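# Analysis of the macromolecular model
Residue strings, one per chain:
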Amino acid sequence: MKLCIDCKVSPVEYRAYCRECNHKRAHLYDKTPKGYLVRTYRRMLSRVKGIDKNKRHLYEGLPICDKEEFYIWSMKEESGYLNLLTIYGENNYDLPLAPSIDRIEPDKGYVLSNIRWIHHKDNSSLTKLNKDRSLPVGISHTPRCKKGYYIVSKTFNTKRYVAHCRSLDAAVRTLMGFYEDSGMSHLEGYQELVEML
């Protein structure tokens, strides 16, 4: 039986490398400029195809650029990708410094005019900031197990519940407070709430 051509210890039947050595080689390839791009594009594609069920509602159906266009654009100096990857390597591949693709406007997807390379930590901060700034958009009845109303907020094409109120009057006043705190009391939605009181 053949031995792995890398470690020369583990027996292999059909492949040149054993499973452990093959995993190490793939891990090293993922840290090369080309390998990191391949992995990043694969993740982008799986998101827009809705493969990840937990995040399907955030990404499925969004437009995405062509793979080769993405590779060519990323390798250009003005994209900043190679510089970020160098910093990542110089810092012993510390995750917060990893290059990460940011969608400037989340609803426009992964098209070249809407994406940029930034550090992973900065991308995480932007995601949290966008969620915190999401404006409540309406009032919804609570599930059967509770009595009252929820204030509903829309973020990245999905709805989330941000406040619970026992009465419709309290829900309306709470929602009006969100509008006022955000400086959005001039919007039509605010006027509709005033008329409900």
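Scroll up to find the structure.
These lines cover the structure that appears in this document, whether it is placed above or below. Counting of residues starts from 1 at the beginning of each chain's written sequence and follows it residue by residue. Since the coordinates come from a predicted model, pLDDT governs what is reported: local features require at least 70, and pairs of side-chain atoms require 80 or more to be given and counted, while whole-chain, interface and lining totals use all residues. Calculation of side-chain values draws on the structure's entire complement of heavy atoms; hydrogens and water are dropped beforehand.

We now examine the side chain of His-119. Along the chain, the position of His-119 falls in strand β4 (residues 115–119). When residues no more than four places from it in sequence are discounted, the contact partners of His-119 are Leu-84, Ile-87, Pro-96, Leu-97, Ala-98 and Ser-100. Secondary structure follows DSSP: runs of H or I at least 4 residues long count as helices, runs of E at least 2 residues long count as strands, and numbering of each begins at the N terminus. Only heavy atoms enter the contact rule, under which two residues are in contact if any of them lie within 4.5 Å.

What follows concerns the pattern of salt bridges. As a working rule, side chains carrying opposite charge can pair if their charged atoms are close by. Salt bridges are counted wherever a side-chain nitrogen of Lys or Arg sits within 4 Å of a carboxyl oxygen of Asp or Glu. Applying the stated criterion to the full structure yields three salt bridges. With a shortest N-O distance of 2.7 Å, Arg-116 and Asp-102 are connected by a salt bridge. Of this pair, Arg-116 sits in strand β4 while Asp-102 sits in strand β3 (residues 99–103); the two residues are 14 residues apart in sequence, bridging distant segments of the chain. For Lys-108, the salt bridge is made with Glu-105, and the minimal N-O distance between the two is 3.4 Å.

We call a residue buried when its accessible area falls under 20% of the maximum for its residue type, exposed when it is over 50%, and partly exposed in between, using a 1.4 Å probe and counting protein chains only. Counting buried positions along β3 gives five out of five residues, so the element sits mostly inside the fold. Sheet topology note: the β3/β4 ladder contains five bridges and is antiparallel. Each residue of the ladder has a partner; that of Ser-100, found in β4, is Ile-118. Note on pairing: DSSP must find at least two bridges between two strands before they are called paired.

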